[in-house]
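As a plain string of letters, each chain reads:
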Amino acid sequence: MERISSWNQQLTSRALDGLEAIGGITIYGPRDPARRTSLVAFNLAGRDPVAVAEALNRAGVESRAGCHCATLAHHALGLKPPASCRLSFYLYNTPDDVDQAVAAVAAVTRRTHFRLLPAEYPRSRLRLR
């Protein structure tokens, strides 16, 4: 379990480093990966978190958006809507997976609109926990 925990911290640290370099992003939780789980919740300025998650999913990066069973925390943070987007990593992920996820978030921030794709569009190839 210690090796898994250490691996998750390495992946989380890499994700935090990459995501912090993206303009307009707000990351929630402690910066120290040893003080958090391998989940990174964030919002992009002016973007609906659900639309961000949908765009990431279409880009091949599984993500989730919503209140994540933490509605009171989202309200305490003053989020409108009370939601965030999240990525999470686990023992089966690699540093390349993290880099792919960070690159996808950066690409979403550069887009001026999100195009909805047909339901039969291939689902995500990168599996994040």
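Values in this document were obtained by computation on a predicted structure and should not be read as measured data.

Asks: I'm lost on the sheet that holds strand E1 (residues 25–28) in this one. Help?
Replies: In sheet architecture, strand pairing relies on hydrogen bonds along the backbone and comes in two forms, parallel and antiparallel. Strand order in this open sheet of 4 strands is E1-E2-E4-E3, and the pairing throughout is antiparallel. Unpaired on one side and paired on the other, E1 and strand E3 (64–66) mark the two borders of the sheet. Averaged over all adjacent pairs, the angle separating strand axes in this sheet is 30°, with direction ignored. Note: E3 against strand E4 (residues 84–88), 3 bridges, orientation antiparallel. The residue bridging Ala65 from the neighbouring strand is Cys85, located in E4.

Asks: Any chance you could explain the nonpolar core here in plain terms?
Replies: Among soluble globular proteins, nonpolar side chains are generally buried collectively. Judged by nonpolar contacts, the single largest core of 24 residues is most densely connected at Leu19, Phe42, Leu56, Leu87 and Val105. Every element with two or more residues in this core is listed here: helix H1 (2–20), strand E2 (39–44), helix H2 (49–58), E4 and helix H4 (95–110). At 7 residues, the largest contribution of residues to this core is made by H4.

Thresholds, definitions, all that
- Residues numbered from 1 in each chain as written.
- Predicted model: local features only at pLDDT ≥ 70, side-chain atom pairs only at ≥ 80, totals over all residues.
- Heavy atoms only, no water.
- Pairing = 2+ DSSP bridges.
- Helix = DSSP H or I, 4+ residues; strand = E, 2+ residues; numbered from the N terminus.
- Axes fitted to C-alpha atoms, helices over the stretch in contact; angles between N-to-C directions.
- Core = buried A, V, L, I, M, F, W, Y, C linked by side-chain atoms within 4.5 Å.
- Buried < 20%, exposed > 50% of the residue type's maximum accessible area, 1.4 Å probe, protein only.

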